Amino acid sequence: MILEKEIQHAALLLKKYNISSYNLDAEIILSNLMKVSREFLITNNNKEIKENVLKKYRLAIKRRIKNEPVAYITGRKEFWSKNFIVNKTTLIPRPETELLIYKLRKIFKNKSINFLDIGTGSGCILLALLKELNQSYGTGIDISPKAIQIAKINAKNLNLYKRSKFKVFDFNKYNLGKYDLVVSNPPYISSQDLKKLSKDIINFEPIAALDGGIDGLDQIKKVIYKSKYLLKTNGVLALEIGFNQYRRVSELLKYYRYREIGREYDYNYNVRCIISTKQGFF
Ligand SMILES: C[S@@+](CC[C@H](N)C(=O)[O-])C[C@H]1O[C@@H](n2cnc3c(N)ncnc32)[C@H](O)[C@@H]1O
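Residues numbered from 1 in each chain as written. Predicted model: local features only at pLDDT ≥ 70, side-chain atom pairs only at ≥ 80, totals over all residues.

Student: What am I meant to see in the site of the ligand here?
Tutor: As a structural note, the neighbourhood of the ligand is formed by 22 residues, with Gly119, Gly121, Ile143, Asn185 and Ala209 the closest of them. Of all the elements in the fold, those that place two or more residues in the shell around the ligand are helix H7 (124–132) and strand S4 (137–142). A breakdown of the residues in the shell around the ligand according to their chemical character gives twelve nonpolar, eight polar and two charged. (Near = placed C-beta within 6 Å. Helix = DSSP H or I, 4+ residues; strand = E, 2+ residues; numbered from the N terminus. Nonpolar A, V, L, I, M, F, W, Y, C, P; charged D, E, K, R; others polar.)

Okay, structure coming up:
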């Protein structure tokens, strides 16, 4: 089968099943299977696809028709311009999470810090930060043993295994060490909003990575509380939050005697990342 024809066929099929990014998905899935760039597909559109690749491609398109996210089909996702292995046990890294890296690399530039990433998932936050802060060390914890396995593979692939540690832990029970920084993208979707998520997300991504309880703040509250004991005085707590949670999280931080020192906004001008410091006397 000729490459261009097969992609057209796959894209039309995806369109028929209401996959809105049908062209892009058809190209990404094939380029990943052929281990070539999307540009290669465009400039070599008359090439024949090998029979074994064609079989795998058609199976992959069937998975996409059932709304499985492209990142789980290809097994990888780019974050902070690095390639991360992902699977159904890890949340797919999101662009808004890059706001945390953007902010923290400025705060800790040229410093040597020891930090903790709560709910590390694929390890994307921790590993992207270590790439930026090349004299620093990070520990990632997650309640999911399978996610921790993936984070360790990512650390190895990115050549960061010497400066990173990953452990299976419920953060509520974690008491090891004092850190310069605690960073977390905790589950923060409210029960109400969980019901409204697209099928791509709700049918495939781990519920433990999404569910923030009735008001979405259950885990955020616990991370704020727990971090008091895990941070050095004047240590930094950096949180990703939901698009409508700034006011309530800001109040929680004040209540627990943190001082807000920075925030980042997404393209819709919602605060998605809050940076605060632990003050002297709790
Ligand atoms: C929103 S995901 C974030 C994953 C990754 N840090 C990222 O930004 O893509 C939240 C993560 O917290 C983990 N998690 C949920 N409850 C936890 C707990 N009690 N202790 C440790 N990790 C937990 C989930 O397994 C999930 O990997």
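Here the narrative resumes, following the displayed structure.
Student: Explain unusual backbone geometry to me, please; I cannot follow it from the model alone.
Tutor: Excluding glycine, residues mostly have negative phi values, and the peptide bonds linking residues are mostly trans. Positioned with a positive phi, asparagine 18 is a non-glycine residue whose angle comes to about 65°. Positionally, asparagine 18 belongs in the loop between helix H1 (3–16) and helix H2 (22–34). A tally of 10 C-beta atoms within 10 Å means that asparagine 18 is categorised as exposed. (Buried ≥ 20, exposed ≤ 12 C-beta atoms within 10 Å, placed from the backbone.)

Student: Could you clarify how one ought to interpret the domain arrangement of the protein chain in this entry?
Tutor: Where interface size is quoted, it is often the accessible area lost as the parts come together. We note that the domain assignment places domain 1 (3–66) and domain 2 (76–278) within the protein chain. Inter-centroid distance (C-alpha atoms) of domain 1 to domain 2 is 33 Å. (Domains from an automatic or database assignment.)

Student: Looking at this structure, I do not really get the pairing of strand S2 (residues 82–85). What am I missing?
Tutor: Residues in a regular strand point their side chains to alternate faces of the sheet. With four bridges joining them, strand S1 (residues 76–79) and S2 adopt antiparallel strand pairing. The partner of arginine 76 across the bridge, within S2, is isoleucine 85. (Pairing = 2+ DSSP bridges.)

Student: What should I look at first to understand the sheet that holds strand S9 (residues 271–278) in this one?
Tutor: Sheets are built from strands paired through backbone hydrogen bonds, the pairs being either parallel or antiparallel. Read from one edge of the open sheet, seven strands run S5-S4-S3-S6-S7-S9-S8, paired in mixed fashion. The open sheet has two free edges, formed respectively by strand S5 (164–168) and strand S8 (258–265), since each of these has just one partner strand. Looking at each pair of strands side by side, their axes are set apart by 20° on average, direction ignored. Alignment of strand S3 (residues 114–118) against strand S6 (residues 179–184), held across four bridges, turns out to be parallel. Residue pairing in the sheet places phenylalanine 115 in a bridge with leucine 181 of S6. (Axes fitted to C-alpha atoms, helices over the stretch in contact; angles between N-to-C directions.)

Student: How should I be thinking about the environment of asparagine 44 in this particular structure?
Tutor: Mapped onto the elements of the fold, asparagine 44 is located in the loop between helix H3 (38–43) and helix H4 (51–65). Each C-alpha atom of the pair asparagine 44 and isoleucine 2 lies 9.8 Å from the other, and the pair is 42 residues apart in sequence.

Student: Would you explain the nonpolar core in this entry?
Tutor: Across soluble globular proteins, nonpolar side chains show a tendency to be buried alongside one another. Counting 67 residues, the largest nonpolar core has Val182, Ala238 and Leu239 as its most contacted members. No other element matches H7, which puts seven residues into this core. Not counting residues within four places of it along the chain, the set of residues in contact with alanine 238 comprises Leu100, Leu104, Leu181, Val183, Cys273 and Ile275. (Core = buried A, V, L, I, M, F, W, Y, C linked by C-beta atoms within 7 Å. Contact = placed C-beta atoms within 7 Å.)

Student: So what exactly am I meant to see when it comes to the packing of H2 against H4 here?
Tutor: The relative placement of two packed helices comes down to the angle between their axes together with the axis-to-axis distance. At a minimum axis separation of 10 Å, H2 and H4 run at an interaxial angle of 140°. By the criterion of interaxial angle, the relationship of H2 to H4 is oblique. Remark: the crossing between H2 and H4 carries right-handed chirality. Contact residues: Asp25, Ile29, Leu30, Leu33 and Met34 in H2; Val53, Lys56, Tyr57, Ala60, Ile61 and Arg64 in H4. Classifying every residue of the contact of H2 with H4 gives eight nonpolar, no polar and three charged. (Parallel < 35°, antiparallel > 145°, perpendicular 65-115°, else oblique. Left-handed = near helix turned anticlockwise from the far one by under 90°.)

Student: When you look at the environment of phenylalanine 243 in this model, what are you seeing that I'm missing?
Tutor: Among the secondary structure elements, phenylalanine 243 is positioned in the loop between strand S7 (231–240) and helix H12 (246–255). C-beta crowding within 10 Å serves as the criterion here: with 15 such atoms nearby, phenylalanine 243 is assigned to the partly exposed category. Expressed as a C-alpha distance, the spacing of phenylalanine 243 and asparagine 172, which sit 71 residues apart in the sequence, is 25 Å. With sequence-adjacent residues up to four places away left out, phenylalanine 243 is seen in contact with Asp266, Asn268, Asn270 and Arg272.

Student: Teacher, can you tell me more about the environment of leucine 13 here?
Tutor: Inspection of the secondary structure assignment puts leucine 13 in helix H1. The exposure class assigned to leucine 13 is partly exposed, which follows from the 17 C-beta atoms found within 10 Å. In this structure, the C-alpha to C-alpha distance between leucine 13 and tyrosine 161, residues 148 residues apart in sequence, is 42 Å.

Student: Looking at this structure, how should I read the packing of helix H6 (residues 98–107) against H7?
Tutor: Relative orientation of the contacting elements H6 and H7 amounts to 35°, with a least axis distance of 10 Å. Note on packing geometry: the crossing formed by H6 with H7 is right-handed. Touching Leu100, Ile101, Leu104 and Arg105 of H6 are Ile125, Ala128, Leu129 and Glu132, all from H7.

Student: Which parts of the structure should I look at to understand helix H11 (residues 218–230)?
Tutor: Residues spaced three or four apart along an α-helix face the same direction, because each turn holds 3.6 residues. For H11, which comprises 13 residues, the first-to-last C-alpha distance of 19 Å matches the rise-based estimate of 18 Å (1.5 Å per residue) to within 8%. Every buried residue belonging to H11 is among Gln219, Ile220, Val223, Ile224, Ser227 and Leu230, and all of these are buried. Each buried residue of H11 sits inside an arc of 140° when the element is viewed along its axis, so together they form one side. Tucked into the core, H11 has its buried residues touching S3, S6, S7 and H12. (Expected span 1.5 Å × (residues − 1). Arc of directions from axis to C-beta.)

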